[in-house]
Amino acid sequence: MKKMNGKTVIITGAGSGLGKAMAIAFAQNEYNVVLSDINMDNVIKVHEEIQAINGKSIYLRTDVSKFEEVKDLVDKAISTYGALDVMINNAGIGPKNLAPTAKSTLEDWDNVIAVNQTGVFYGMKLALLQMTIQGYGNIINIASLAGLKASGNNISYSASKFAVVGMTKSAALEYGKKNIRINAICPGYTHSALLDSMFKFKPELEEGLKKMIPFQRYGEASEIADAAIWLASEHSTFMTGQTIVLDGGLSL
Ligand SMILES: NC(=O)c1ccc[n+]([C@@H]2O[C@H](COP(=O)([O-])OP(=O)(O)OC[C@H]3O[C@@H](n4cnc5c(N)ncnc54)[C@H](O)[C@@H]3O)[C@@H](O)[C@H]2O)c1
C-alpha cells in the first residue's frame, strides 16, 4: 500500500490496545501521529516506540470526556503540523459491572456515555470545524459489533456504540459535500486491555466466547489498524457513512 508521507492523524486512547496498534501503523506509513490518552506512562511508551522506528509523533494528555482538553488536542495538532488529515476517535471504556439493565449502575451509565459517546461527539465536532476550513478530512470512529447487534448485561456500552454508528452516518450525510469522509470500524472481540479486563471479571467467558467465533480466535489489534490505514487512504475514496465489521465472522 502506498505510504502517505506528511499527513497528520490524531488518535485518542493511543496508549493501549487498538489505539496503540493504530499509532504504530500510521507512524510506519509516515504520518505525523498525535498521540493522546489519560494514561501518560503508556502513551509515552508508544511515543518512544515510534521514535525508535524514526517515526514522527507528539503526545498530549487528553481526557476525551472534557471538551476543553479535546480542543487543546486538535489545536496542538494544527499548531505543530499545520493541518488535520485524519481524526481517529478510539478512546473507549466498558462499565465496571456487567449487569442486566435494571441492575446497572448510574455511575457506569454516566462514565461510559461520557467517554464513548460524548467523547466521540467532541472529537467529531472539533475535527469537523478544522476540516471544514481546510476543505478536506477523514474521520474514523471506533464503534463495536455492540453498536450493531444486541449485547446483554452491557446497556451503557451498547447505547454508546449504537450512538457512535448513528453519529457516523448522520455527520457523513452532512459533510460529504465538504469533501470530508466519516466511517466507523466495528471490531468484534479483539485482544486488548479492555478485553482482558472483561475476562478477568468473568473468566469463564474466555473459552466460551472463542467457540462462538467462526475463526475460533480473537482478533489482533494490528488487524483493526490495517482497516484504519485503508479507510484513511486513497484506496477508499468513495466510501462514507459506513461501518466495517471485523469480527472473525461472529456476527454471521
Ligand atoms: N478490544 C475489543 O474487543 C473491542 C471490541 C470492540 C470495540 N472496541 C473499542 O475499541 C476502542 C479501543 O479499546 P481497546 O480494546 O483498545 O481498549 P484498551 O483499554 O486497551 O484501550 C483504551 C485506551 O483508552 C484510554 N482511555 C480510557 N478512558 C479515556 C478517556 N476518558 N480519555 C482518553 N483516553 C481514555 C485508556 O487509557 C486506554 O489507553 C474502544 O472504543 C473500544 O470500545 C474494542
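An account of the accompanying structure is given in this report. As the structure is a prediction and not an experimental result, all values here were calculated from the model.

A few words now on the pairing of strand β3 (residues 56-61). Sheet topology note: the strand β2 (residues 32-37)/β3 ladder contains six bridges and is parallel. Bridge pairing links Ser36 to Leu60 in β3. Crossover handedness for the path β2 to helix α2 (residues 40-52) to β3: right-handed.

Bringing empty space enclosed by the protein into the picture now. Applying the stated criterion across every chain yields a total of one cavity of 30 Å³ or more. By volume, the largest cavity is sized at about 40 Å³. Around the largest cavity, the lining residues are Pro95, Asn97, Ala99, Ser104, Thr105, Asp108, Trp109, Asn153, Asn154, Ile155 and Ser156. Along the lines of polarity and charge, the residues of the lining of the largest cavity split into four nonpolar, six polar and one charged.

To continue, consider the nonpolar core. By size, the foremost hydrophobic cluster in this structure holds 32 residues, and its most contacted members are Ile11, Met22, Phe26, Val33, Ile88 and Ile140. Elements supplying a minimum of two residues to this core: β1 (8-12), α1 (17-28), β2, α2, β4 (86-89), β5 (137-142) and α8 (221-232). Here Met22 is in contact with Ile11, Ile88, Asn90, Ile142, Ala225 and Ala228, once residues within four sequence places are set aside.

Moving on to the pairing of β4. Along β4, one buried face is formed by Val86 and Ile88 and the opposite face, lined by Met87 and Asn89, is buried too. In this structure, β1 lies alongside β4, joined through three bridges in parallel fashion. Bridge pairing in β4 links Ile10 to Met87. Relative to β5, β4 is paired through four bridges, and the arrangement is parallel. Residue pairing in the sheet places Ile88 in a bridge with Ile140 of β5. Taken together, β4, helix α4 (residues 106-134) and β5 constitute a β-α-β crossover, and its handedness is right-handed.

Here we take up the packing of aromatic side chains. With the rule as written, the count across this model stands at five aromatic pairs. Their ring planes at 50° and their centres at 6.0 Å tell us that Phe121 and Tyr122 sit as a pair that is tilted. Each ring, one from Phe199 and one from Tyr218, has its centre 5.4 Å from the other, and the planes form 50°; the classification is tilted. Here Tyr218 lies in the loop between α7 (205-212) and α8 and Phe199 lies in helix α6 (residues 193-201), a separation of 19 residues in the sequence. You can call Phe199 buried: its relative accessible area is 6%. Clustering of aromatic rings is evident, with ring pairs tying together Phe67, Phe121 and Tyr122.

Parameters and conventions
- Residues numbered from 1 in each chain as written.
- Predicted model: local features only at pLDDT ≥ 70, side-chain atom pairs only at ≥ 80, totals over all residues.
- Heavy atoms only, no water.
- Pairing = 2+ DSSP bridges.
- Helix = DSSP H or I, 4+ residues; strand = E, 2+ residues; numbered from the N terminus.
- Right-handed = clockwise from strand over helix to strand, strands pointing away.
- 1 Å grid on protein atoms, 1.4 Å probe; cavity = no way out; pocket = protein on both sides within 12 Å on 5 of 7 lines; lining within 4 Å.
- Points joined across faces, edges and corners; volume = space filled by probe spheres on them.
- Nonpolar A, V, L, I, M, F, W, Y, C, P; charged D, E, K, R; others polar.
- Core = buried A, V, L, I, M, F, W, Y, C linked by side-chain atoms within 4.5 Å.
- Buried < 20%, exposed > 50% of the residue type's maximum accessible area, 1.4 Å probe, protein only.
- Contact = heavy atoms within 4.5 Å.
- Phe/Tyr/Trp six-rings, centres within 6.5 Å; stacked < 30°, edge-to-face > 60°.

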